[in-house]
Amino acid sequence: MSTTPASPSASGTRVPLIAGNWKMNMDHVQGITLLQKLAWTLDDAKHDYRRVEVAVFPPFTDLRGVQTLVHGDDLSIAYGGQDLSDQDSGAYTGDISGQFLAKLGCTYVLVGHSERRTIHGETDEQLSAKLKAAFRHDLVPVLCVGEGLEVRRAGTHVEHTLGQLRADLEGLPEDQVRQLVVAYEPVWAIGTGEVAGPDDAQEMSAAIRAELAGRYGDDVAGAVRVLYGGSVKAANAAAIIGQPDVDGVLVGGASLDAGEFANIVRFESHLTT
Ligand SMILES: O=C[C@H](O)COP(=O)(O)O
């Protein structure tokens, strides 16, 4: 049964978002199978999508198939692109416009994932332009920020991550900032099995929210969802999302297994009361 995907309510209550980033995995056939399995598993568990929102970020080549399945089967799973160009059209070989993602029914788009920052050398200036491009096409950006191991060891991770946030949000109006999702991803914990503890996730999420409150006011800061990403599994998701300033998770490897990802979505059922 479909319901409109959840979003933060007008009262400021933040609906948790469980997002699966498939990265460069799953061709368009495998992607459909994975999404079908995920939807069936969550259906069997009578998952309430208004209570916990679910989104997937497949490779670009999967998006048309994902759109067809989501619409055809009336699924409540949202989806988005893993990146977008800061331009809308033109001679930019290999790039994908936000306009194309919007036309494919994407709700979200990842901006500044650490693999884009490190492997592709994306700068904060480019990411700031990509955020603006996303909003031009009514896409909700999931802005990824976070520090590498050396910065963490030096103890300057909060300052470093807030510096990225400030630079990326440069020039963005308040009404757009309030729609954002921010994902804190300590790079040293991505795909390594190393997980920042729930306290680390809370420390950074609270710092991000305080930064937003200082610049845009409590109302805006209270609306922005802050996710944690880095080796999240069903076994550690509940403790992380249980933190007061953590509003969900951005999952890589574990999102490629429908059963494991569904268990992360159902994190509330693993909470001890
Ligand atoms: O986008 C997802 C993050 O990079 C985390 O990936 P991971 O769960 O495989 O560590």
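Residues numbered from 1 in each chain as written. Predicted model: local features only at pLDDT ≥ 70, side-chain atom pairs only at ≥ 80, totals over all residues. Heavy atoms only, no water.

Novice: Explain the site of the ligand to me, and be specific about the residues and the numbers.
Specialist: If you check the shell around the ligand, you find 13 residues, and the closest are K23, E185, G191, S231 and G253. For the ligand, an oxygen atom lies 2.8 Å from a polar atom in the side chain of K23. The backbone of G252 places a nitrogen or oxygen atom 2.9 Å from an oxygen atom of the ligand. Considering the ligand on its own, with 310 Å² of exposed area, one finds that the protein chains cover 95% of that surface. When the residues that make up the shell around the ligand are grouped by side-chain class, the tally is four nonpolar, seven polar and two charged. (Near = heavy atom within 4 Å. Polar contact = N/O pair within 3.5 Å; in protein donor to acceptor, adjacent residues only side chain to side chain. Areas by Shrake-Rupley, 256 points an atom, 1.4 Å probe, with all protein chains shown as cover. Nonpolar A, V, L, I, M, F, W, Y, C, P; charged D, E, K, R; others polar.)

Novice: Talk me through unusual backbone geometry; I want residue IDs and the actual numbers.
Specialist: Positive phi, normally seen in glycine, also occurs at M26, with a value near 75°. By relative accessible area, M26 is classed as partly exposed at 22%. Backbone geometry at S231 places phi at a positive 55°, although glycine is not the residue there. Position of S231 among the secondary structure elements: in the loop between strand 7 (225-229) and helix 11 (234-241). For S231, a relative accessible area of 11% gives the class buried. (Buried < 20%, exposed > 50% of the residue type's maximum accessible area, 1.4 Å probe, protein only. Helix = DSSP H or I, 4+ residues; strand = E, 2+ residues; numbered from the N terminus.)

Novice: Run through the confidence of the model for the protein chain, naming residues and quoting values.
Specialist: Residue-level pLDDT values for the protein chain average 94, and 95% of them are 70 or greater. The model gives residues 1-5 a pLDDT under 50, and that stretch makes 12 contacts with residues more than four places away or in other chains. Low confidence marks residues 7-11, where pLDDT is under 50. Its contacts with residues over four positions away, or in another chain, come to seven contacts. Confidence estimates for the predicted assembly give a pTM of 0.94 and an ipTM of 0.99. (pLDDT = per-residue confidence, 0-100. Contact = heavy atoms within 4.5 Å.)

Novice: How would you sum up the packing of aromatic side chains? Please name residues and give values.
Specialist: Within this structure, the stated rule accounts for two aromatic pairs. Measuring from ring centre to ring centre gives 6.3 Å for F57 and Y108, while their planes differ by 50°; the resulting arrangement is tilted. Placement of F57 in strand 2 (residues 53-57) and of Y108 in strand 4 (residues 108-111) is noted, with a sequence separation of 51 residues between them. Among the residues examined, F57 registers a relative accessible area of 0% and is labelled buried. Judged by its relative accessible area of 3%, Y108 is buried. (Phe/Tyr/Trp six-rings, centres within 6.5 Å; stacked < 30°, edge-to-face > 60°.)

Novice: Tell me about the pairing of strand 3 (residues 78-81), and please be specific about residues and values.
Specialist: Here strand 3 shows no split at all, with A78 and G80 on one side and Y79 and G81 on the other all buried. As a crossover connection, the stretch from strand 2 through helix 2 (residues 63-72) into strand 3 is right-handed. Note: strand 3 against strand 4, two bridges, orientation parallel. Looking across to strand 4, one finds that G80 is bridged to Y108. With respect to chirality, the unit in which strand 3 leads through helix 3 (residues 98-103) into the neighbouring parallel strand 4 is right-handed. (Right-handed = clockwise from strand over helix to strand, strands pointing away. Pairing = 2+ DSSP bridges.)

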